[in-house]
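# Observations on chain architecture
Chain by chain, the residues:
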Amino acid sequence: MTKKIPPPLPTVLTISGSDCSAGAGLQADLKTIHALGGYALTVATAITAQNSQGVASVYPLPAQVVQQQLHAILDDYDVQAIKLGMLGNLEILNTVIHCLKQINHPCVIVDPVLISSSGCPLLEINALSVFIKELLPLATLITPNIPEVNTLLEGGGEILNLPFQGQKEEISSIAQALFALNVNAAVIKGGHSIETLATDYLVQPNEPNGATIQAYSSRRMTTQNTHGTGCTYASAIATELAKGATLNEAVKRAKEYLYSTLVHAEQAQPAHQKTPNQAYKVRKGSLNHFVVDNTRIPNNSAC
Ligand code: PLP
């Protein structure tokens, strides 16, 4: 009898920095992709020393080492989606751009990782204009949060009267400003907004000069366990796309997954050192990537 060979897993290549505390970066991507049924291929751009308190140091790898990893992966695997996170510096950015231009891949998700939430730069400032001019147009989708939208628009010369604050009325003009930078589609994440719900907006150009806007909302959670939410979200979108979902479906499912990883984060915290008064000194905990109870976003929080 011939043995039935199971179908291969959808592959997602993540190109990002290593987070030794495994809450963000490559390690978060790896967990997310596998939790959602994909196979993660990883290209490291940098080694960071960090923990729940913040990023202590960043060591970008030589660009040649990044290039060799890309070759090793792309020579052997059929990559269904590529997710970009921390790129570190201009040399690495240029290496990745060169590779993306050569392979002309149809599914590239760019999480514009510029600075950690603890304030550490994860992309050198001199790389910002190349990031905007050359990388953004190569992305199928970008996933900026509100501060990242402001930095990209300002860096790209799109003048806003006031900083973008994530309000619904602003989305259409912000979408146009992003399209002016040759952005193909964006999930504008509302985590930093002043609105009651955490609403993310998927914006796509709609000829001749409109925008299709789809909102995805969830309850805003008061939790300190948010380390690596951006990496996890973008990786989840990439994995759903690799599995064959449409962009809308992929964002919807990724948002639901992220919500579950946040709601159940408390049950999946690593043991920490205690302070002299016997309290744990966790500033920012990690997510529950292998959450089993896929908690649905309550209906009443839909837009
Ligand atoms: N470290 C690395 C390597 C990352 O790729 C990211 C992703 O944005 C971060 C840190 C940021 O993590 P945080 O959620 O703590 O801002």
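Everything numeric in this text was worked out from a predicted model, so none of it was measured.

Calculation rules
- Residues numbered from 1 in each chain as written.
- Predicted model: local features only at pLDDT ≥ 70, side-chain atom pairs only at ≥ 80, totals over all residues.
- Heavy atoms only, no water.
- Near = heavy atom within 4 Å.
- Polar contact = N/O pair within 3.5 Å; in protein donor to acceptor, adjacent residues only side chain to side chain.
- Areas by Shrake-Rupley, 256 points an atom, 1.4 Å probe, with all protein chains shown as cover.
- 1 Å grid on protein atoms, 1.4 Å probe; cavity = no way out; pocket = protein on both sides within 12 Å on 5 of 7 lines; lining within 4 Å.
- Sits in = over half its atoms within 2 Å of the grid points.
- Nonpolar A, V, L, I, M, F, W, Y, C, P; charged D, E, K, R; others polar.
- Buried < 20%, exposed > 50% of the residue type's maximum accessible area, 1.4 Å probe, protein only.
- Helix = DSSP H or I, 4+ residues; strand = E, 2+ residues; numbered from the N terminus.
- Pairing = 2+ DSSP bridges.
- Contact = heavy atoms within 4.5 Å.

## Let's talk about the site of the ligand
Within the structure, the ligand sits among 15 residues, and Gln50, Ser117, His227, Gly228 and Cys231 are positioned closest to it. Here an oxygen atom of the ligand and a backbone polar atom of Ser117 are 2.9 Å apart. Burial of the ligand by the protein chains amounts to 91% of its free accessible area of 400 Å². In a pocket analysis with a 2 Å cut-off to the grid points, the ligand is assigned to the largest pocket. Within the shell around the ligand, the residues separate by chemical class into 5 nonpolar, 9 polar and 1 charged.

## A closer look at the pairing of strand β4 (residues 81-84)
The two faces of β4 match: Ala81 and Lys83 on one face and Ile82 and Leu84 on the other face are all buried. Here 4 bridges tie strand β1 (residues 11-19) to β4, and the two strands are oriented parallel to one another. Its bridge partner lying in β4, Leu13 is registered against Ile82. The sheet contact formed by β4 and strand β5 (residues 108-110) spans 3 bridges and is parallel.

## So, helix α5 (residues 146-155)
Among the residues of α5, those classed as buried are Ile146, Glu148, Val149, Asn150, Leu152 and Leu153. For α5, the secondary structure elements touched by its buried residues are α4 (128-135), β6 (141-142), α6 (171-180) and β7 (186-188). Structurally, the start of α5 carries an N-cap: the backbone nitrogen of Glu148 is 2.9 Å from a side-chain oxygen of Asn145. Positioned one or two residues after α5, Gly157 has a phi angle of 80°, which is positive.

## Quick notes on the environment of Thr196
Counting through the fold element by element, Thr196 comes out in the loop between β7 and β8 (198-206). In this structure, the C-alpha to C-alpha distance between Thr196 and Glu256, residues 60 residues apart in sequence, is 18 Å.

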